[in-house]
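Here's the letter readout for the chains.
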Amino acid sequence: MPAQAAPADPSSPTVFAHRGASTEAPENTLAAVRRAHEQHIKWIENDVQRTKDGALVVIHDATLSRTTDVEQVFPDRSPWRVADFTLAEIRRLDAGSWFAPRFRGERVPTLQEYLTLLDRDQQGLLLELKQPELYPGVEKQTVDALEKAGWLDQAHLAGRLVIQSFSADALRRTHELRPAVVTGFLGSPPVSRLKEYAAFADQINPDEKDVTYAYVQAVHSVDGPDGKPLRVNAWTVDDLTTAVRMAALGADGIITNRPDVIRNGVQ
Ligand code: G3P
Ligand code: CA
């Protein structure tokens, strides 16, 4: 195995807008999708969780405190878990002002709204099942929602949808439900266990700190459930130096809060 990385692949990695264009608009809102769309970023990453009354919503944290005004609106509802609020309650919250006053009135989107806003014919979705252990059955519910929205047709299965998670169990369940859906494991399993993960994951998506040339080569040498080599998407890369390094190490994709900057720098 070469000790030194090869020069950056001129074909360059895919750029994923992490939580949307999240340095320019509040993360995981429709505004962040619109901004990424304006920047002609094809792939959007988001996080999916579930309300008390069973609605799938797009939000990163398991609590509403950091990215909404929930503590002002519902002061007696500590610890303000997503799972303890109904969709109607969550829809009352402002999910934009914490980021900048001009985004006042942004709401926590439902997955359905989010899918409707995405350009089905142009954009791709890297959908993270966030803390799926809190939401039994969320894998099937998410797959059903994607199907209803037309996101499980051949074109999407062939290259416009990935479901990822830090939970191997959730990915295994997702793969069992719909083997054709591309799945990504968030983390960096040891090389000796990559074949186990390749039974249900098409991608290994590590923290960029764990990415080495040898690791990428090892991942690429294992075939996923569809018989194609596993892919590697590194997160979260917001500076060009690291992005160029990821490209040089052979990463297939870069997940970033600054998609326009990274795209312009590595492509
Ligand atoms: O897509 C990778 C990344 O989103 C995983 O971490 O905490 O931002 O969801 P986190
Ligand atoms: Ca995420």
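Residue positions within a chain follow its written sequence, with the count starting from 1. Going through the entries in the order they are written, you letter the chains from A and number the ligands from 1. Local features in this predicted model are restricted to residues of pLDDT 70 or higher, and side-chain atom pairs are both shown and tallied only at a pLDDT of 80 or more, whereas totals for entire chains, interfaces and linings draw on every residue. The side-chain quantities take in all heavy atoms of the structure and omit both hydrogens and water.

A. Molecular detail of helix 10 (residues 240-249). Those residues of helix 10 that fall on the buried side of the exposure criterion are Thr242, Ala243, Met246, Ala247, Ala248 and Leu249. Only heavy atoms enter the contact rule, under which two residues are in contact if any of them lie within 4.5 Å. Helix and strand labels come from DSSP, where a helix needs a run of H or I of at least four residues and a strand needs a run of E of at least two; each type is numbered from the N terminus. Those residues of helix 10 hidden inside the fold are in contact with helix 9 (213-220), strand 8 (231-234), strand 9 (253-256) and helix 11 (259-266). One or two residues past the end of helix 10 sits glycine 250, with phi positive at roughly 100 degrees. Throughout, exposure labels follow a simple rule: accessible area from a 1.4 Å probe, protein chains only, divided by the maximum for the residue type, with under 20% read as buried, over 50% as exposed, and the rest as partly exposed.

B. Looking closely at the coordination of the calcium ion (ligand 2). Donor atoms are limited to N, O and S found within 2.8 Å of the metal ion, a distance that becomes 3.2 Å for Na, K and Ca. With water left out, some sites might look partial. Summarising the metal site, the calcium ion (ligand 2) is bound by the protein donors Glu45 (OE), Asp47 (OD) and Glu128 (OE), whose distances to it range over 2.1 to 2.3 Å. Here the donor residues for the calcium ion (ligand 2) map to a single chain with the spacing E-x1-D-x80-E. Taken together, the residues aspartate 47 in strand 2 (residues 43-50) and glutamate 128 in strand 4 (residues 124-129) connect sequence positions 81 residues apart. Taking relative accessible area as the criterion, aspartate 47 reaches 0% and is therefore assigned buried. When its relative accessible area of 4% is taken as the criterion, glutamate 128 is described as buried.

C. Here's a closer look at the packing of helix 5 (residues 138-148) against helix 7 (residues 168-177). Closest axis-to-axis distance for the helix 5/helix 7 pair is 9 Å, and the angle between their directions is 45 degrees. As summarised for this structure, helix 5 and helix 7 are arranged oblique, according to the angle between their axes. Crossing handedness for the pair helix 5 and helix 7: right-handed. Where helix 5 abuts helix 7, its residues Glu139, Lys140 and Val143 lie against Ala170, Arg173, Thr174 and Leu177. For this scheme, ten residues count as nonpolar: Ala, Val, Leu, Ile, Met, Phe, Trp, Tyr, Cys and Pro. Four count as charged, namely Asp, Glu, Lys and Arg, and the remainder, Gly too, count as polar. Grouping the amino acids of the contact of helix 5 with helix 7 by side-chain chemistry returns three nonpolar, one polar and three charged. Every angle, taken between N-to-C directions, lies between 0 and 180 degrees, and every axis is a line fitted to C-alpha atoms, over only the stretch in contact when it is a helix. For this classification, under 35 degrees means roughly parallel, over 145 means roughly antiparallel, 65 to 115 means roughly perpendicular, and everything else is oblique. Here a crossing is taken to be left-handed if its near helix is turned anticlockwise relative to the far helix by less than a right angle, and right-handed if that turn runs clockwise.

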